[in-house]
Amino acid sequence: MEHTGLVFNIQKFCIHDGPGIRTTVFLKGCPLKCRWCANPESQLEKSQLMLDRRKCVRCHRCVAACPNGGIRPDSKTGYPVFDRELCQSCGSCVNACLGNGEKALTMEGQRMTAGEVLKEVLKDEVFYKSSGGGVTFSGGEPLKQMDFIKPIAKELRKRGIHTACETAGYVTEEEMKEAVSCMDLFLFDMKHYNGEKHLEGTEAEQENILNNLSLILDSGCKVISRIPVIPGFNNEEADAHGFGRLLKSLGLREVHLLPFHQFGEGKYEQLGITYQMAGIPSMKPEELTGMKEIMEQYVERVQIGG
Amino acid sequence: MNYFGESTKRIQSFREELLNAKAYISVERGILYTQAHREHRDCPIILQRAHCVARVLRDMKIFIEDQTLIAGNQAEYNRAAPLFPEYAMDWVVEELDTFEKRDGDVFYVKEEEKEVIREIGKYWDKLTLKDKGLAALPPELRTIYDLGIIKMEGSITSGDAHLAVNYDKLIQKGLGYFRDQVLEHREKLDLTDCSSLEKRYFYDASLIMIDSTVAFAHRFSSLASEMAEREQNEERKKELLRISQICKRVPQLPAASFWEALQSIWLIHLVLQIESNGHSLSYGRLDQYLAPFYRKDLEQGVVTEESACELLENFWLKTFTINKVRSWAHTQFSAGSPLYQNVTVGGQDENGEDATNPVSWLILKSVARLRLPQPNLTVRYHRGLPQDFMRECMQVVSLGFGMPAFNNDEVIIPSFVEKGVRLEDARSYSAIGCVEVAVPGKWGYRCTGMSFSNLPRFLLAMMNGGVDMTSGIRVLPPCKPFLEVESYEELFEEWQGTAKKIAAMSVMLDNYADTVIEKETPDILCSVLVDDCVKRGLHLKSGGAVYDFISGLQVGIANLGDSLAALKRCVFEEELLSKEEVWDALVHNFEGEEGERVRQILIQNAPKYGNDDDYVDRITSDAYNAFVQEIIKYKNTRYGRGPIGGMYYAGTSSISANVPQGGMTMATPDGRKAKSPLAEGCSPQHGVDVHGPTSVFKSVSKLPTHQITGGVLLNQKMNHSVLESEKDTDKLISIIRTFFDSLEGFHVQYNVVSRETMRAAQKHPEEYRDLVVRVAGYSAFFNSLSRQTQDDIIERTEHTV
């Protein structure tokens, strides 16, 4: 329980990420680079400052607080500008920030030991037990921090608590084998059925992912595949057939289609990163009915939403 | 389309009529009561009171609405609030011209009646309960009363109630049975024993009340037959004749049918609402009492499920006609002019088996069809409550009018037994008013007690050396001011001392009020209908009930805990702030940049109750427990006079008191600004519970629930999306079950109206006339609430998925 991991949120009473009442542990760091990513704060495996301008009163307490001189006020707007190269994630600026009643600055990503996380997630143990729920590891890519989550998951299982992870599968075979040894359910994200398109959308090779998926399926673990449906990337009829064929060939029996949404938009600005999907409208669940019907020709259970 | 189906045309029209009814103050009871009071000035008080109420029953205007199958009205018009001059008249006269201009709970007074009311006021000068109660208060307690730091105005300005009488026995045996009992016991009295005299007066008064109640029913019987003669519509004619027959028989005789049972209960309930204006007069476990009648009528083809449902809906509409006017100061504690007429369904039978029956389902359905603030519907939860019944309850919850509330047998029954209640009685408990509980027909008046103690305001006074921050008046003996306190342990020790003093003061105030009520306004019919008043010859306030435990009401539990935790963490442990910085900021209500800095540090650097954080949850529990453990040492005025108990325990069913008591409380160390609302019941302070409902349940479960038998009120607000699919509803049911089965939760209720709806209702009140929301342990029309209470409800944290 000494291993540490970079956690950016522990969310309780989750009812859409696996069976029963669950707690989801969000870990930072992801090897994929999907341009539609809705959790941009999860991408880097280091703590990151976020500034919510709506809460910033431009008092510049943070400027004075930074020991590295890494913050200066913007000459035009007065909002703080961060030199992220200089940032050591010490949190001095966050401590100094008062915001408009709520802090404008937050530090996303906190180093926690496995023991600390275990203690936190066990607080809702009674609710898992009565609902058949448990703990879901999500991210980022949780399986990239296997040393950290494995002892937690093992302990949970020992107590009869259900474990799940949300993964994109872009990890080493070793890491996946470890995961198979301690997870009851894989929520397996699939971005595309075509290798080239996959590379283009995520900057990652698909082959390794599919190998890992086979590895899980061979082990007999339960897998639900999840497809983020992204306009202009994988939302055509042909895509539905393509996905359907792939899933069928792998022997997958359940898939969730997740409509593209814009909940993450504000976070890009707060992190000071450009967002490539800005202004593209969110999809309504009913827009996926066509895809659902097509995929039902290949897969036993197709559901819109998680 | 309502999941529960539509009401019949007549019910819809009756409902509409009542929704449109303007709430008047009805002077008639005031006139008749005063008349009789003058004529019977020579009588012992209890007999005088019987004559007064009997006069009202004899001479008041009665009517039978065109749509109704159940007869009986409380005042000249439906939704009019009768005048009860015997309790208090000063505020009525003072507010005569402002009732119409109130921010919430508006009442109308006819111009020509204002003079009559002033005249009645003159007669009652120095005669009312309030006059006598205030005169009886020693000066040091008068200060506490006047400051409202322990609020108890309601207890000496109106009646008691807060109980459910023996409706079960009533419909099985009839009022005649109770009359025989009175005669039998009167017979046994030996008047050479001077203690028998008071008993004789009580029995004589009881006979007057029983006979005038029967005569009152007969008035409706005659009226119905007169109306039948004139009626052109053959169907209606038949109904009126049936009403006439029924009112001839009940409540005097045992009820012979489902319809008669409802009419019998209604008439008694009504007379009790005319005898006294105490609220939270509850029906008890109506599903249990009515089940045999329903079963029999169904078998014999006398009713169908639909016709029985219509009768129940009719009964609830009648229930909704009852109204009560309170002083403006008191109104803010009970926003939405609630009567808290509770009906309880479900739970266990006397053997501990599930007691739900077809009438339980029917009551859910009938209440859900009407979606009105009355009755207040409670479901008794227990482990064996069927899942399909829970799902049906969730269907009601999803309608968004705050009902039903859930009370938990698994903690309430053992908690009663621990205090000396017999197991089979404990198993037949019902909710009374909001979340408080008692055994119907066996429990004394006002199980909540009388006084609302403002714990955060006392904390501030303590930090200020014993002087109230709001008024500058001393409310506690001198104690060490915060600036001189050296450690958190010392601070907490000061609080423990303070909590003891609050408990003592609240008991003293209750005892004074009880003593004066016992003498001045004994309730008679109500006593007859509670065991063992008749057997002992004692009315409720003099120790007639089988059980008599009462609780005070403690307000601001979460603010107390959060405040102490913030001081511990920020001042004593991490030294982020000095004592001087904190004190200065509190005194200046966190004003200015420096004040805001201090406030933010207090808010952001200390954990808050409601997030399953042991640090603050333990502090909250310990701080409240200092009061809880103290109050259980005290005895009420009935101790040793007959009842089992005669003791106090704690309770947090603080209704809407968190708003006005917050309004009188300066800035607190949890970062709450002066005059803003306190947290209600045992719920977390609004907006600080950021980890969702499971964490709130865990935090609440750390309180000493077994000792807070007066009720542990928890409001949760759910976004409607949580109840949209059956799968998600089952998950919500699962956390409720866990809260009750494993965490010993006492109570929970849900508000599922969205913030958007409520904001829209603030903008366009005319379009949301029938929007009912959960206030705190009860529901009220959103429009009837003051703006501040509306805002407070909107601010409550909404848990989404």
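Quantities reported herein were computed from a predicted structural model and do not represent experimental measurements.

**Q** Give a description of the environment of C682 of chain B that names residues and reports values.
**A** Residues and elements named next belong to chain B. Along the chain, C682 turns up in the loop between helix 28 (658–663) and helix 29 (693–701). The class for C682 is buried, based on a relative accessible area of 1%. Counting along the chain gives 430 residues from C682 to Q252, while the straight-line C-alpha distance between them is 44 Å. Excluding its chain neighbours within four sequence positions, the residues that come into contact with C682 are Y609, T652, V700, L703, V712 and L713.

**Q** So what's going on with helix 27 (residues 614–631) of chain B? Residues and values would help.
**A** Residues and elements named next belong to chain B. Under the 1.5 Å per step criterion, the end-to-end length of helix 27 is 25 Å for 18 residues, consistent within 8% with the ideal 26 Å. Along its length, helix 27 reaches its greatest deviation from straightness, about 30 degrees, at N625. Within helix 27, 13 of the 18 residues are buried, which leaves the element mostly enclosed by the surrounding structure. The residue sitting at the N-terminus of helix 27 and contributing the capping side-chain oxygen is D613; that oxygen lies 2.9 Å from the backbone nitrogen of Y615.

**Q** Give me the lowdown on the interface of chain B and chain A, citing residues and values where you can.
**A** The interface is formed by 23 residues belonging to chain B together with 21 residues belonging to chain A. Summed over both sides, the interface of chain B with chain A buries roughly 2,000 Å², with 59% coming from carbon and sulfur. For the pair chain B and chain A, the number of links is one salt bridge. With a shortest N-O distance of 3.4 Å, E593 of chain B and R61 of chain A are connected by a salt bridge. For the pair chain B and chain A, the interface holds eight residue pairs in polar contact (both at pLDDT 80 or more).

**Q** An account of the pattern of salt bridges is needed here, citing residue identities and associated values.
**A** A side chain with one charge can pair with a side chain of the opposite charge if their charged atoms come near. Residues and elements named next belong to chain B. As enumerated under the stated definition, the model contains 78 salt bridges over all chains in all. With a shortest N-O distance of 3.8 Å, K238 and E235 are connected by a salt bridge. Linking K238 with E235, this pair stays in helix 11 (residues 234–249), spanning three residues, or about one helical turn. For the pair K238 and E235, one class covers both residues: exposed. The shortest N-O distance in the salt bridge between R638 and D514 comes to 2.7 Å. Residue R638 is located in the loop between helix 27 and strand 14 (644–649), and its partner D514 is located in helix 21 (residues 488–520); the two are separated by 124 residues in the primary sequence. Comparing R638 with D514, the two get one shared label, buried.

**Q** Provide a residue-level description of the pairing of strand 12 (residues 254–259) of chain A, including the pertinent values.
**A** Most of strand 12 of chain A sits out of view: five of its six residues are buried. Traced from strand 11 (residues 222–229) of chain A through helix 9 (residues 237–250) of chain A to strand 12 of chain A, the parallel crossover comes out right-handed.

**Q** Outline the side chain of N357 of chain B, listing residues and values.
**A** With respect to the helices and strands, the residue N357 of chain B is situated in the loop between strand 6 (342–346) and helix 16 (358–370). Setting aside its immediate chain neighbours within four residues, N357 of chain B contacts D287, Q288 and A291 of chain B.

**Q** Describe the sheet that holds strand 3 (residues 150–151) of chain B, and please don't skip the residues or the numbers.
**A** Residue and element names in this part refer to chain B. One open sheet holds the three strands; their spatial order is 3-11-13, and the pairing between them is mixed. The open sheet terminates on both sides in strands that have one partner only, identified here as strand 3 and strand 13 (553–555). The sheet contact formed by strand 11 (residues 452–454) and strand 13 spans three bridges and is parallel. Bridge pairing in strand 13 places N454 opposite V555. On the sheet, helix 20 (residues 455–463) packs against strand 3, strand 11 and strand 13 and is oriented at approximately 40 degrees with respect to strand 11.

**Q** Which residues make up empty space enclosed by the protein, and what are the values?
**A** All names here are of chain B. All chains considered together, the criterion is met by twelve cavities of 30 Å³ or more. What the largest cavity holds in volume is close to 220 Å³. The wall of the largest cavity is formed by 26 residues, among which H162, H279, F452, L553 and I655 lie closest to the centre. Among the elements that make up the lining of the largest cavity, the one with the highest residue count is helix 8 (residues 153–157) (three residues).

**Q** Before we move on, can you summarise the sheet that holds strand 11 of chain A with the specific residues and values?
**A** Strand pairing within a sheet occurs via backbone hydrogen bonds; the two strands may be parallel or antiparallel. Residue and element names in this part refer to chain A. Read from one edge of the open sheet, nine strands run 7-1-2-8-9-10-11-12-13, paired in mixed fashion. A strand with exactly one partner marks an edge of an open sheet, and here the two such strands are strand 7 (110–113) and strand 13 (301–304). Each neighbouring strand pair of the sheet contributes to a mean axis angle of 30 degrees, computed without reference to strand direction. Relative to strand 2 (residues 22–27), strand 1 (residues 4–14) runs antiparallel, the two sharing five bridges. Note on strand 2: the bridge partner recorded for V7 is L27. Most of the contacts of helix 3 (residues 114–122) go to strand 7, to which it runs at about 85 degrees, and overall it touches strand 1, strand 2, strand 7 and strand 8 (134–138).

**Q** Tell me about the packing of helix 2 (residues 28–39) of chain B against helix 5 (residues 111–124) of chain B, and name the residues and values.
**A** All names here are of chain B. One can describe the packing of helix 2 onto helix 5 by two numbers: an axis separation of 11 Å at closest approach and a directional angle of 30 degrees. If you check the angle between helix 2 and helix 5, you find them roughly parallel. Considering the relative orientation of helix 2 and helix 5, their crossing is left-handed. Taking contact as the criterion, the partners of G30, I31, Y33, T34, H37 and R38 in helix 2 are, on helix 5, V116, I120, Y123 and W124. By residue class, the composition of the contact of helix 2 with helix 5 is six nonpolar, three polar and one charged.

**Q** Tell me what's going on with the confidence of the model for chain A, and back it up with residues and numbers.
**A** Chain-level statistics for chain A give a pLDDT mean of 92 and a share of 100% at 70 or above. Taken element by element, the predicted model of chain A shows its lowest mean pLDDT in helix 10 (residues 265–271) of chain A (84) and its highest in helix 3 of chain A (97).

**Q** Break down the layout of surface pockets for me, citing the residues and quoting the values.
**A** Residue and element names in this part refer to chain B. By volume, the second largest pocket amounts to about 690 Å³. Lining the second largest pocket are 29 residues, with L19, A21, R79, F781 and S784 sitting closest to its centre. Those elements giving two or more residues to the lining of the second largest pocket turn out to be helix 1 (9–20) and strand 18 (779–781). Considering only residue class, the lining of the second largest pocket consists of 14 nonpolar, nine polar and six charged.

**Q** Break down the confidence of the model for chain B for me, with residues and values.
**A** Residues of chain B with pLDDT of at least 70 account for 98%, and the chain-wide mean is 93. Across the predicted assembly, pTM comes out at 0.92 and ipTM at 0.89.

**Q** Lay out the packing of helix 16 of chain B against helix 17 (residues 387–397) of chain B with the relevant residues and their values.
**A** Residue and element names in this part refer to chain B. It is at 10 Å that the axes of helix 16 and helix 17 come closest, and there the two elements cross at 10 degrees. It follows from the interaxial angle that helix 16 and helix 17 lie roughly parallel. Mapping the contact onto sequence places S360, W361, L364 and A368 in helix 16 and D388, F389, E392, C393 and V396 in helix 17. Its residues assigned to classes, the contact of helix 16 with helix 17 comprises six nonpolar, one polar and two charged.

**Q** Give me helix 5 of chain B: which residues, what numbers.
**A** Residues and elements named next belong to chain B. In a regular helix each residue adds 1.5 Å, so 14 residues correspond to 20 Å; helix 5 covers 21 Å between its end C-alpha atoms and thus fits that length. What helix 5 keeps buried is the set E113, K114, I117, I120, G121, Y123 and W124. Contacts made by the buried residues of helix 5 are with strand 1 (25–26), helix 2, helix 4 (90–94) and helix 6 (129–136).

Each value, and the rule that gives it
- Residues numbered from 1 in each chain as written.
- Chains lettered and ligands numbered in written order.
- Predicted model: local features only at pLDDT ≥ 70, side-chain atom pairs only at ≥ 80, totals over all residues.
- Heavy atoms only, no water.
- Helix = DSSP H or I, 4+ residues; strand = E, 2+ residues; numbered from the N terminus.
- Buried < 20%, exposed > 50% of the residue type's maximum accessible area, 1.4 Å probe, protein only.
- Contact = heavy atoms within 4.5 Å.
- Expected span 1.5 Å × (residues − 1).
- Bend = angle between axes of the 7 residues up to and from the residue.
- Polar contact = N/O pair within 3.5 Å; in protein donor to acceptor, adjacent residues only side chain to side chain.
- Buried area = accessible area lost by both parts, 1.4 Å probe.
- Salt bridge = Lys/Arg side-chain N within 4 Å of Asp/Glu carboxyl O.
- Right-handed = clockwise from strand over helix to strand, strands pointing away.
- Pairing = 2+ DSSP bridges.
- Axes fitted to C-alpha atoms, helices over the stretch in contact; angles between N-to-C directions.
- 1 Å grid on protein atoms, 1.4 Å probe; cavity = no way out; pocket = protein on both sides within 12 Å on 5 of 7 lines; lining within 4 Å.
- Points joined across faces, edges and corners; volume = space filled by probe spheres on them.
- Parallel < 35°, antiparallel > 145°, perpendicular 65-115°, else oblique.
- Left-handed = near helix turned anticlockwise from the far one by under 90°.
- Nonpolar A, V, L, I, M, F, W, Y, C, P; charged D, E, K, R; others polar.
- pLDDT = per-residue confidence, 0-100.

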